[in-house]
Amino acid sequence: MKKLVLAFTILGATTASLYSTLALADHQGGSHGGAHGNHAMHASSERAPSTVKGSDHLRVQDCWIRLLPKVAPSGGFFVLHNEDKSEPVVLKGIQTDAFGMSMLHETTEKNGMSAMAMVPDVTIEPGQSLSFKPGSYHAMLEKPKADLKAGQQITVNFELGTGKKIPVQCTLKSPSARSFSDQ
Ligand SMILES: [Cu+2]
């Protein structure tokens, strides 16, 4: 019995360390040696969801997903343009059939350490743009459903405070990609 427990512990430790290395590569963009490799760290949401419905006038540009092996979450990046001059746009989340779970995250620096938190929504002020990029806001996608490959396009639905869902074509890219212009 003791032997079994030990074997399990070693296996668990190996998996966790692989997982955290890959998660780090995903979320850090290679910029810092920060402390948030473990995904359990961003399981809680720090603020209440926005009650603002806002506008439907969202335009999404340069959407791409850094596709990582199944054990690690893939990062989703894009630029959000609020084309409404008087109302905010509230992004509630994203959803795609290609992944079983998608979340919005924010990476922040505190005392030189990188930390990550789940956010319930993101508000883009009237006429403004907001970039989701490595080291900042990003989407996290887990449980890839099909046999996804870099170079493929998938449809991602952007869900707004109004209830509207805007379908966007997003390009899957390799783990070494750092921006939309990379492969
Ligand atoms: Cu994240």
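What counts as what
Residues numbered from 1 in each chain as written. Predicted model: local features only at pLDDT ≥ 70, side-chain atom pairs only at ≥ 80, totals over all residues. Helix = DSSP H or I, 4+ residues; strand = E, 2+ residues; numbered from the N terminus. Buried ≥ 20, exposed ≤ 12 C-beta atoms within 10 Å, placed from the backbone. Contact = placed C-beta atoms within 7 Å. pLDDT = per-residue confidence, 0-100. Pairing = 2+ DSSP bridges.

Trainee: Tell me about the overall build of the protein, and please be specific about residues and values.
Mentor: Helix and strand content of the protein: one helix and ten strands. Reading the protein from its N terminus to its C terminus gives the helix and strand order α-β-β-β-β-β-β-β-β-β-β. When each of the 183 residues of the protein is scored for burial, the buried share is 31%. Counting contacts in the protein only where the partners sit at least 6 residues apart, residues at least 24 apart contribute 72% of the total.

Trainee: Just give me the short version of the confidence of the model for the protein, but keep the residues and values in it.
Mentor: When pLDDT is averaged along the protein, the result is 82; 75% of the residues meet or exceed 70. Confidence over residues 1-26 falls short of pLDDT 50; this stretch has 23 contacts with residues more than four positions distant or in other chains. Overall, residues 28-41 carries pLDDT values under 50, and its contacts beyond four positions in sequence, including any with other chains, amount to 28 contacts.

Trainee: Explain the pairing of strand E4 (residues 99-110) residue by residue, including any values.
Mentor: One ladder, built from seven bridges, connects E4 with strand E8 (residues 137-144); its direction is antiparallel. Opposite His 105, over in E8, you have His 138 as the bridge partner. Strand direction decides the pairing type here: E4 and strand E5 (residues 113-118), joined by six bridges, are antiparallel. By the bridge assignment for E5, Lys 110 is matched with Met 113.

Trainee: Explain the environment of Leu 130 to me, and be specific about the residues and the numbers.
Mentor: With respect to the element layout, Leu 130 can be found in strand E7 (residues 129-132). Separated by 51 residues in sequence, Leu 130 and Val 79 place their C-alpha atoms 5.8 Å apart. With near-sequence residues (within four places) excluded, Leu 130 lies in contact with Leu 80, Val 122, Ile 124 and Tyr 137.

Trainee: Can you explain the environment of Glu 142? Please cite residues and give values.
Mentor: Secondary-structure assignment places Glu 142 in strand E8. Accessibility expressed as a C-beta count within 10 Å gives 16 for Glu 142, which makes it partly exposed. Linking Glu 142 and Lys 70, residues 72 residues apart in sequence, is a C-alpha distance of 7.8 Å. Each residue touching Glu 142, except ones within four places of it in the same chain, is listed here: Pro 73, Phe 99, Gly 100 and Met 101.

Trainee: Provide a residue-level description of unusual backbone geometry, including the pertinent values.
Mentor: A positive phi angle, close to 50 degrees, is found at Asn 111, a residue other than glycine. For Asn 111, a count of 5 C-beta atoms within 10 Å translates into the label exposed. Although it is not a glycine, Lys 143 adopts a positive phi angle of roughly 60 degrees. Counting through the fold element by element, Lys 143 comes out in strand E8.

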